[in-house]
Amino acid sequence: DSGVTQTPKHLITATGQRVTLRCSPRSGDLSVYWYQQSLDQGLQFLIQYYNGEERAKGNILERFSAQQFPDLHSELNLSSLELGDSALYFCASSPREGSGRYNEQFFGPGTRLTVL
Amino acid sequence: GQQVMQIPQYQHVQEGEDFTTYCNSSTTLSNIQWYKQRPGGHPVFLIQLVKSGEVKKQKRLTFQFGEAKKNSSLHITATQTTDVGTYFCAGDPGNTGKLIFGQGTTLQVKP
């Protein structure tokens, strides 16, 4: 158990719908990362937040958005869902800057999204 | 764009044999990390390499970072069935935490 929690574990929805995935980082971690894992694309970095602010952006579609709240939990919003959005979505957190372990990422169990 | 290539994609070995997976980045990396993902699980951090030519060992696992900081390898000596899983390298070009993952090498170990 990494200490990172994600809800829900599974999500089944229809094309065109909107869903929200939730992540709580490990206690004390300020960074949250979102990844998409699919069979054909592998693990793709989507976005990173640090202490509430967007820090880095990867291959995140415009239909997707994320935010990190004052209590440090994060939400990933996926809208106008397409069949190709079906994937495992992982959240990861890492220790605060200056801790010496800032780059180590601890992954949550993931949310499996199925778009029908 | 920046890419990290990892080979082989799959490796089947007999228990007790050695195993190596290789990563090659299209750009110089600030650091490279290795993760292991068991079937049905999530990636688990193994190690981070930062220095040019760095070699680190964890029991039967040996990690190397190339002199040019563009390639890396993971070698497992005398594999065990508990080593089964997919091993990913992840490069960080700008030391920002924005990782570029390789495609992973899936290791199967026959008892």
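Our structure's up above, just so we're on the same page.
Note that the coordinates shown come from a computational prediction; the quantities given were computed from them, not determined experimentally. Chains are numbered independently. Their residues run from 1 in the order of the written sequence. Note on labels: chains are lettered from A, ligands numbered from 1, in written order. The predicted origin of the model limits local features to residues at a pLDDT of at least 70 and limits the giving and counting of side-chain atom pairs to 80 or more, whereas totals for whole chains, interfaces and linings rest on all residues. To obtain the side-chain values, all non-hydrogen atoms of the structure were included, while hydrogens and water were left out.

**Some points on the sheet that holds strand β3 (residues 19-24) of chain A**
Strand pairing in a sheet is mediated by backbone hydrogen bonds. Such pairs are either parallel or antiparallel.
Residues and elements named next belong to chain A.
Next up, step 1: On the basis of which strands lie adjacent, the open sheet formed by four strands has the order β1-β3-β8-β7 and antiparallel pairing. Of all the strands in the sheet, just β1 (5-7) and β7 (64-68) have a single pairing partner and so form its edges. Strand-to-strand twist across the sheet, computed as the mean angle between neighbouring axes with direction ignored, equals 15 degrees.
Next up, step 2: Pairing geometry for β3 and strand β8 (residues 74-78), over five bridges, is antiparallel. In the sheet register, Leu21 faces β8, and the bridge partner there is Leu76. A strand pair is defined by DSSP finding two or more bridges across the two strands. Numbering of helices and strands runs from the N terminus, with a helix taken as a DSSP run of H or I at least four residues long and a strand as a DSSP run of E at least two residues long. In this analysis, axes come from line fits to C-alpha atoms, helices being fitted only over the stretch in contact, and the angle between any two N-to-C directions falls in the range 0 to 180 degrees.

**Some words on the nonpolar core**
Next up, step 1: Counting residues in each nonpolar core, the largest one holds 22 residues, and the members touching the most others are A:Val19, A:Leu21, A:Trp34, A:Leu76, A:Leu78, A:Tyr89 and A:Leu113.
Next up, step 2: If you list the elements that add at least two residues to this core, you get β3, β4 (31-38), β5 (42-50), β7, β8, β9 (87-94) and β11 (111-115) of chain A.
Next up, step 3: Contact between two residues is taken to exist if any of their heavy atoms lie within 4.5 Å; hydrogens are not considered. The contacts of A:Leu76, once residues within four sequence positions are left out, are A:Val19, A:Thr20, A:Leu21, A:Trp34, A:Leu46, A:Ile60, A:Ser65, A:Ala66 and A:Tyr89.
Next up, step 4: In this text, buried Ala, Val, Leu, Ile, Met, Phe, Trp, Tyr and Cys residues form a nonpolar core when linked through side-chain atoms within 4.5 Å. For the exposure calls, accessible area comes from a 1.4 Å probe over protein chains only, and a residue counts as buried if that area is under 20% of its type's maximum, exposed if over 50%, partly exposed in between. Membership of the second largest hydrophobic core comes to 21 residues, among which are B:Val4, B:Leu49, B:Leu107 and B:Val109.

**Overview of the environment of A:Ser93**
Residue and element names in this part refer to chain A.
Next up, step 1: Along the chain, the position of Ser93 falls in strand β9.
Next up, step 2: On a C-alpha basis, the gap between Ser93 and Ala66 in space is 15 Å, while along the polypeptide they are 27 residues apart.
Next up, step 3: The contacts of Ser93, once residues within four sequence positions are left out, are Val4, Pro25, Arg26, Asp29, Ser31, Tyr33, Glu104, Gln105 and Phe106.
Next up, step 4: One polar contact links the side chain of Ser93 to the main-chain amide nitrogen of Arg26, over a distance of 3.3 Å.
Next up, step 5: Think of a polar contact as two N or O atoms within 3.5 Å of one another; within protein, one of them needs to be a possible hydrogen donor and the other a possible acceptor, and neighboring residues in sequence only count if both atoms come from side chains. Polar contacts involving the side chain of Ser93 include one to the side chain of Asp29, which spans 2.7 Å.

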